[in-house]
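Coordinate analysis (summary)
Below are the chains, spelled out letter by letter.
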Amino acid sequence: MLPTAALLALNGLYLGAAFRASVPLFWFLDLAHFVLVPIASVWALWRFAGVRPPDYGLGPLAGRQPGAAALAVYALVVAAFAYGYGFARILALFVPWEWPATGFLYSQAFPQHAAGGLALLAYLSLTEALAEEIVFRGLPALWLRAHVYPLASAAAFAAIHWESGTREVVATFLLGVVLAALYLRVRNLWPFVTGHAVTDILAFTGTYTY
C-alpha cells in the first residue's frame, strides 16, 4: 500500500494546481489516488503477500460481535470520530504556531446542482474513508507492535493532512491515537470506515466551523 500512502501524503502538492489547470484532470487524479491505486494495492497485497481484506478488518460487517453488540460498536466508533474530531479541533486551537493551509479546498470543486453535490459528497466521503482507514488504521495493526501502533498510526494519519495546516495535523493526530487504540479492541474496520465517512460529510458540509 506504499503507493497509496505516498499519493495520499503528496496530493496536497498537486491537486490545487490540477484543479486550476483542468477540472477533468483534477477528478482523474482524485479517482486515481482514492480508488484506482488503492484497489491495485489491495489486489497486490492479496496476490503477492497473501494479505486478504479480512486480515486488516474488512471481513463481515458485524465483525465478531452479535447483532446488538455490533450496533453498539458502530455507534461508539462513529461517536468517537464525530465528537472526537470536534473536541480535537478545539484542543488544536491552543497550538501557538501554525503553517498556512494550501489554497485548495474540496468545497471549490462541488457543483452547484444539488443532486450532483450530494453524489460528489457521497463519493468523496466513502472513497477517502475506505482508502485512509485501510492504509492508516487496518494495515499498520498487522505489522506494528501494540504499544507502537497507536502513535505510529496516528502520526501517519496526521501527516497526510499537512496541507490543511498545523492545527489540522494536531487534531487528526489526537483523534488518530484514540481511534487506533479503539481499533485494537474492535478489529473490525467497517465501523471506522463508517465513522470516517460521517465525519467527512460533516466537514465537507461545514459543520465544523471553529
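Residues numbered from 1 in each chain as written. Predicted model: local features only at pLDDT ≥ 70, side-chain atom pairs only at ≥ 80, totals over all residues. Heavy atoms only, no water.

Turning to the overall build of the chain, a few remarks are in order. From N to C terminus, the chain includes 8 helices and 0 strands. In the chain, the succession of α and β elements from N to C terminus is α-α-α-α-α-α-α-α. By the compact-globule yardstick of 17 Å for 210 residues, the chain fits well, its C-alpha radius of gyration being 17 Å. With the C-alpha coordinates aligned to their principal axes, the bounding extent of the chain is approximately 45 × 40 × 35 Å. Within the chain, the proportion of its 210 residues that are buried is 45%. Excluding contacts between residues fewer than 6 apart, the proportion of contacts in the chain whose partners are at least 24 apart in sequence is 77%. Accessible area of the chain: about 10,700 Å², with a carbon and sulfur share of 73%. A gap of 11 Å separates the mean positions of the 10 positive and 9 negative side-chain charges of the chain. (Helix = DSSP H or I, 4+ residues; strand = E, 2+ residues; numbered from the N terminus. Rg over C-alpha atoms; globule rule 2.2 N^0.38 Å. Buried < 20%, exposed > 50% of the residue type's maximum accessible area, 1.4 Å probe, protein only. Contact = heavy atoms within 4.5 Å. Areas by Shrake-Rupley, 256 points an atom, 1.4 Å probe, with all protein chains shown as cover. Lys, Arg positive; Asp, Glu negative; His and termini not counted. Charge placed at Lys NZ, Arg CZ, Asp CG, Glu CD.)

As a further point, take helix H4 (residues 114-138). Given a rise of 1.5 Å per residue, 25 residues ought to cover 36 Å, and the 34 Å separating the end C-alpha atoms of H4 matches this to within 8%. Its axis deflected by about 25 degrees at glutamate 132, H4 carries its strongest bend there. (Expected span 1.5 Å × (residues − 1). Bend = angle between axes of the 7 residues up to and from the residue.)

Applying the stated criterion across every chain yields a total of 3 salt bridges. Note that arginine 89 is salt-bridged to glutamate 168, the shortest N-O span being 3.5 Å. Highlighted residues: arginine 89 in helix H3 (residues 67-92) and glutamate 168 in helix H7 (residues 166-186), separated in sequence by 79 residues. No difference in accessibility class separates arginine 89 from glutamate 168, as the two residues are buried. (Salt bridge = Lys/Arg side-chain N within 4 Å of Asp/Glu carboxyl O.)

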